[in-house]
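Fold and contact review
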Amino acid sequence: MKNIFRKEKKQFSAQHALYLKKLRRNKILVHAVRAAILVAIVGLWEMCAQTGIFDPFITSSPSRVAATIADLAEAGTLFYHIGITLMETIIGFIVAVAAGYLIAVLLWMNEHIRQIFEPYIVVLNALPKIALGPLIIIWMGTGYTAIIFMTILVSIIVCIMNMLTGFVGVDKTKQLLMRSMGANKFTMLTKLVIPASLPAFMNTLKVAVGLAWIGSIMGEYIVSRAGLGYLIVYGGQVFRLDLVMAATFILCLLAGGMYAIVAIIERLVIKKRA
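Bear in mind the structure is a predicted one, so any value in this text is a computation, not a measurement.

1. What about the overall build of the chain?
- In terms of helices and strands, the chain carries 12 helices and 0 strands.
- The order of α-helices and β-strands along the chain, N terminus first, is α-α-α-α-α-α-α-α-α-α-α-α.
- Judged by the C-alpha coordinates and their principal axes, the chain covers about 75 × 60 × 30 Å.
- Buried positions account for 34% of the 274 residues belonging to the chain.
- Intrachain contacts of the chain at a sequence separation of at least 6 include 73% that bridge at least 24 residues.
- As displayed, the chain has an accessible area near 17100 Å², and 72% of this comes from carbon and sulfur atoms.
- Positive and negative side-chain charges of the chain, numbering 26 and 12 respectively, have mean locations separated by a distance of 20 Å.

As C-alpha cells, this is what we get:
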C-alpha cells in the first residue's frame, strides 16, 4: 500500500515538473518572440532609412535617434527633461488615484449621492480634457501646477468609475449576511468591500498609469518650458524629427517601466493574498 502511494506521489510530482517546465518554456518563447519582433521593426526601420526607401528627414532612424539621445545626455539636458515629466506624471498619478479612491468610497457609502452625481461623472469622463486647456492656463498659470492639474483631470474620473464599479460589484449575498449580523457601512467597507475590490484597485492602477502619462504630455503640449512633451512640440516646430522620435522613445521606456512596477506590485499582492 505504501509503495503504491509513493508511486502515485512520484508520478504526480513528475507530471507537475513537466507542467512547470512547459510553462517556463512558453514564457521564454513569448519573451523571445517579443524581442525578435522589436529587433525586426528597428532593423527594418534603419534599413529603409539607410537605403532611401524612407526619407530619414521625415521618419528619422534608430541610429539618428540614438545619436540625438546621446547629444542630449552630453549637453546635460536629457535627465532634466526626463525628471520634469516624471515628476509631473508621478504626482498627478498619486493624487488622481488617491482622490479617485476616496471619492469612490464616499459615493459607495451613500447611494443617494451616487445616484445624484453619477451622470455628472459620466459627462466629465466624456468631455475632451484638451478643450479645458485655456481655462487651466487662466486658473493655474503657466507653470508645473497647470500640467499636474491636467494629469489629475485626465486620470481621476476613470479612477472613480473603476473603483466604484469594483465596490458595487462586491458579492451582494455577503453584504446581506454582514448586514443581517448588525454590521454598519464602515465595517462592511473595511472588512468586505475593500479587500474584495483589490483586483479592481490593481486594474485601476494599470489604467491610471497610461492616463497619467497622457495627461502630463497633453499638459506639456499646452503650456511647458521643459519636459518630454516640450521636446516633442519644439522638435516639431523646428522640423527636428530626430528630437521628436527620441523624446517619444524615452517616453515609451518610462511609461513601460512605470507599468512594469505596477505589475510587479500586483504580483506581490496576489502572492501575499494566496
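2. Quick look at the UniProt feature "transmembrane region" (unreviewed entry) in the chain
- Here, the residues flagged by UniProt with the feature "transmembrane region" (unreviewed entry) are residues 28–45, 78–108, 120–140, 146–171 and 243–265.
- The distance from the first to the last C-alpha atom of residues 120–140 is 23 Å, and the span holds 71% helix and 0% strand.

3. Here we look at the UniProt feature "domain: ABC transmembrane type-1" (unreviewed entry) in the chain
- As annotated in UniProt, the feature "domain: ABC transmembrane type-1" (unreviewed entry) corresponds to residues 78–262 in the numbering used here.
- Across residues 78–262, helical content stands at 86% and strand content at 0%; the span's end C-alpha atoms are separated by 25 Å.

4. A short note on the nonpolar core
- Grouped together as the largest cluster of nonpolar side chains are 26 residues, with contacts concentrated most on F93 and L228.
- Elements with a contribution of two residues or more to this core: α3 (62–75), α4 (78–109), α10 (198–222), α11 (228–237) and α12 (241–273).
- Here this core gets 8 residues from one element, more than from any other, and that element is α12.
- Those residues in contact with L228, other than ones at most four positions away along the chain, are H81, I82, T85, I217, E220, A247, I250, L251 and L254.
- Membership of the second largest hydrophobic core comes to 21 residues, among which are W108, L189, L192 and V193.

5. Focus: the pattern of salt bridges
- Taken as a whole, this structure holds 2 salt bridges when the rule is applied.
- As a salt-bridge pair, E266 and K206 come within 2.6 Å of each other at their nearest N and O atoms. Here E266, found in helix α12, pairs with K206, found in helix α10; they are 60 residues apart in sequence, far enough to count as distant.

6. A word on the side chain of T85
- If you trace the backbone, T85 turns up in helix α4.
- Taking the relative accessible area as the measure of exposure, T85 reaches 0% and is therefore buried.
- Once you skip the residues sitting within four places of it in the chain, T85 turns out to touch W213, S216, I217, E220, G227, L228 and G229.

7. Looking at a positive patch on the surface
- Together, K21, K22, R24 and R25 make up a positively charged patch on the protein surface.
- Structurally, R25 can be placed in helix α1 (residues 2–51).
- Exposure remark for R25: the relative accessible area of 46% places this residue in the partly exposed category.

8. Brief notes about the environment of A98
- When you line up the elements, A98 lands in helix α4.
- Along the sequence, A98 and I160 sit 62 residues apart, while their C-alpha atoms lie 9.7 Å from each other.

9. With respect to α12
- End to end, α12 covers 48 Å across 33 residues, agreeing with the expected 48 Å (1.5 Å per residue, within 8%).
- All of the buried residues in α12 are D242, L243, V244, A246, A247, I250, L251, M258, V262, A263 and E266.

10. Description of the packing of helix α7 (residues 144–168) against α10
- For the pair α7 and α10, interaxial distance at closest approach is 7 Å and the crossing angle is 160°. Considering their axes alone, α7 and α10 lie roughly antiparallel with respect to each other. Crossing geometry of α7 relative to α10 is assigned as right-handed.
- Residue classes in the contact of α7 with α10 are distributed as 14 nonpolar, 8 polar and 1 charged.

11. A look at the side chain of S60
- Relative to the helices and strands, S60 is located in the loop between α2 (56–59) and α3.
- A polar side-chain atom of S60 sits 2.6 Å from a polar atom in the side chain of D242.
- With near-sequence residues (within four places) excluded, S60 lies in contact with W45, A49, D55, V65, L241, D242 and M245.

Procedures and definitions
Residues numbered from 1 in each chain as written. Predicted model: local features only at pLDDT ≥ 70, side-chain atom pairs only at ≥ 80, totals over all residues. Heavy atoms only, no water. Helix = DSSP H or I, 4+ residues; strand = E, 2+ residues; numbered from the N terminus. Buried < 20%, exposed > 50% of the residue type's maximum accessible area, 1.4 Å probe, protein only. Contact = heavy atoms within 4.5 Å. Areas by Shrake-Rupley, 256 points an atom, 1.4 Å probe, with all protein chains shown as cover. Lys, Arg positive; Asp, Glu negative; His and termini not counted. Charge placed at Lys NZ, Arg CZ, Asp CG, Glu CD. UniProt positions renumbered as here; feature names shortened; annotations may be inferred. Core = buried A, V, L, I, M, F, W, Y, C linked by side-chain atoms within 4.5 Å. Salt bridge = Lys/Arg side-chain N within 4 Å of Asp/Glu carboxyl O. Patch = residues over 30% accessible without salt bridge, like charges linked within 9 Å, V, L, I, M, F, W, Y side chains within 5 Å. Expected span 1.5 Å × (residues − 1). Axes fitted to C-alpha atoms, helices over the stretch in contact; angles between N-to-C directions. Parallel < 35°, antiparallel > 145°, perpendicular 65-115°, else oblique. Left-handed = near helix turned anticlockwise from the far one by under 90°. Nonpolar A, V, L, I, M, F, W, Y, C, P; charged D, E, K, R; others polar. Polar contact = N/O pair within 3.5 Å; in protein donor to acceptor, adjacent residues only side chain to side chain.

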